[in-house]
Amino acid sequence: CEGRVDRGLRAMLQTFHLSGEAQQIGRILEEFADAFYRHSPGPIKDGEACYVLTYAVMMLHTDAHNPRVAKKMSREQFMGTLKGTNKGEDFPAKYLQDMYDEITTKEIKVLNSDLQSISESSHKDVKEIDASWQRLVERSKSSAPFRVSMAQAHGKEMFIMVWGQVESIVMRYLDDPDLYTDPYSLRNLDRRSRRQTVRNQRKILLQKIVHGLYAVSQLCSVYQLRDPLNKLLMLLAGRLKKQLQVAYNVAGGVQAEACARFGRNRQAQKMSHLLFDLLAKYGGQHCQEAWSSVLECILWLLKLGL
């Protein structure tokens, strides 16, 4: 953080919300100041001076961004509170001035950089989604080196932890076709090129979703997780049934026309093949609650003459 306490604090406080009693907060800031001084002291003379500066920055941030504080602390007041606290000396004036300007103009906020937050973001706000992914990538770079420890011993627990987020992301893309497209790639394209680009993007993303669902089903089978697998099969069956009903209703109940409409729906065909292939490979021993949903799809397929 280039010897800047405020930047170090920002990096730390973007990962969690600092709350609790004053004594607890003081202890956290004390540990932060000690670690910061050991690794990136800059113009700070000792650990005590680092703690004093850290606490002063926190007070400044609260003062600057709390709407209940009517009279804000000035730059001169901030610098005055730190006079002579750097082991009997003053901190460099520009160092404190830059710190004051950055803290008062940019509030420190906890960043949403998990998959669930990204999946729930509005797909229309492309810049926000890109920023969220970037934060997630940057956060992964600061993680400790990956080590394999007791292969598969913790795999089941890890899968259970991420299953809900994987399900949310995949099903959201299946429900909303507009999410298949990247608006930035469509700029400056004529209508024909845009239509072709959209088709290609949807095809590629659908292939990735299918590959991911095969992987999820295989993990459910390996770890004997019946509930996630049944839920996945029911979700797929529900969406396939909806596609079949739409084709039948739009065709006015005419079987041949409904069958033709279903045949032109690439996503519905892919979903149909995926559902029954997963059922054949992994459903024999684990499929229970999902059978009723699967049978409803079979009845609708028969109704369309398929």
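Below, the structure is looked at part by part.

**Notes on the pattern of salt bridges**
The tally for this structure, following the rule as stated, stands at 13 salt bridges. Measuring nitrogen to oxygen at the nearest pair gives 3.1 Å for the salt bridge that ties E102 to R4. Of this pair, E102 sits in helix 5 (residues 93-105) while R4 sits in the segment before helix 1 (5-13), and the two are 98 residues apart along the sequence. Side by side, E102 and R4 carry an identical accessibility label, which is buried. Here D98 makes a salt bridge to K94, at a shortest N to O gap of 2.8 Å. With a gap of 4 residues between them, D98 and K94 both fall in helix 5, about one helical turn apart. Look at K94 and you get exposed, because its relative accessible area is 56%. Connected via shared salt-bridge partners are R4, D6, R7 and E102.

**Concerning a nonpolar patch on the surface**
Side chains of W291, L295, I298, L299 and L302 sit close together on the surface and give an oily, nonpolar patch of about 490 Å² of accessible area. Using a relative accessible area of 31% as the deciding quantity, one classes I298 as partly exposed.

**Quick look at the packing of helix 9 (residues 191-222) against helix 12 (residues 266-286)**
Between helix 9 and helix 12, the least distance of the axes is 10 Å, while the angle of their chain directions is 10°. Taken as axis vectors, helix 9 and helix 12 run roughly parallel relative to one another. Where helix 9 abuts helix 12, its residues L206, V210, L213, Y214, S217, Q218 and S221 lie against Q267, K270, H273, L274, D277, L278, K281, Y282 and H286. For the contact of helix 9 with helix 12, the per-class residue count stands at 7 nonpolar, 6 polar and 3 charged.

**Some details on helix 10 (residues 226-250)**
With 25 residues, helix 10 should cover 36 Å at 1.5 Å per step; its first-to-last C-alpha distance of 36 Å lies within 8% of that length. Of the residues trailing helix 10, G252 is marked for its positive phi of about 70°.

**Re the environment of K303**
Examined against the element boundaries, K303 turns out to sit in helix 13 (residues 291-303). As a C-alpha pair, K303 and Q255 span 48 residues in sequence and 7.4 Å in three-dimensional space. With residues up to four places along the chain from it excluded, the contact list for K303 reads Y248 and Q255.

**What to know about the packing of helix 12 against helix 13**
One way to put it is that helix 12 packs onto helix 13 with a least axis distance of 12 Å and a crossing angle of 135°. It follows that helix 12 is oblique to helix 13 by the angle criterion. Seen along the crossing, helix 12 lies across helix 13 with a hand that is left-handed. In this structure, helix 12 uses L275, F276 and L279 to contact helix 13, whose residues at the interface are W291, V294, C297, I298 and L301. Classifying every residue of the contact of helix 12 with helix 13 by side-chain character gives 8 nonpolar, no polar and no charged.

**A closer look at a positive patch on the surface**
On the surface, R191, R192, R194, R195 and R199 cluster together into a positively charged patch. Among the secondary structure elements, R195 is positioned in helix 9. With a relative accessible area of 44%, R195 lands in the partly exposed category.

**A short note on the side chain of S293**
Mapping S293 onto the fold places it in helix 13. Residue S293 is classed as buried on the basis of its relative accessible area, which comes to 18%.

Reading guide: rules and limits
- Residues numbered from 1 in each chain as written.
- Predicted model: local features only at pLDDT ≥ 70, side-chain atom pairs only at ≥ 80, totals over all residues.
- Heavy atoms only, no water.
- Salt bridge = Lys/Arg side-chain N within 4 Å of Asp/Glu carboxyl O.
- Helix = DSSP H or I, 4+ residues; strand = E, 2+ residues; numbered from the N terminus.
- Buried < 20%, exposed > 50% of the residue type's maximum accessible area, 1.4 Å probe, protein only.
- Patch = residues over 30% accessible without salt bridge, like charges linked within 9 Å, V, L, I, M, F, W, Y side chains within 5 Å.
- Areas by Shrake-Rupley, 256 points an atom, 1.4 Å probe, with all protein chains shown as cover.
- Axes fitted to C-alpha atoms, helices over the stretch in contact; angles between N-to-C directions.
- Parallel < 35°, antiparallel > 145°, perpendicular 65-115°, else oblique.
- Contact = heavy atoms within 4.5 Å.
- Nonpolar A, V, L, I, M, F, W, Y, C, P; charged D, E, K, R; others polar.
- Expected span 1.5 Å × (residues − 1).
- Left-handed = near helix turned anticlockwise from the far one by under 90°.
- Lys, Arg positive; Asp, Glu negative; His and termini not counted.
- Charge placed at Lys NZ, Arg CZ, Asp CG, Glu CD.

Keep in mind these values describe shape, not function.
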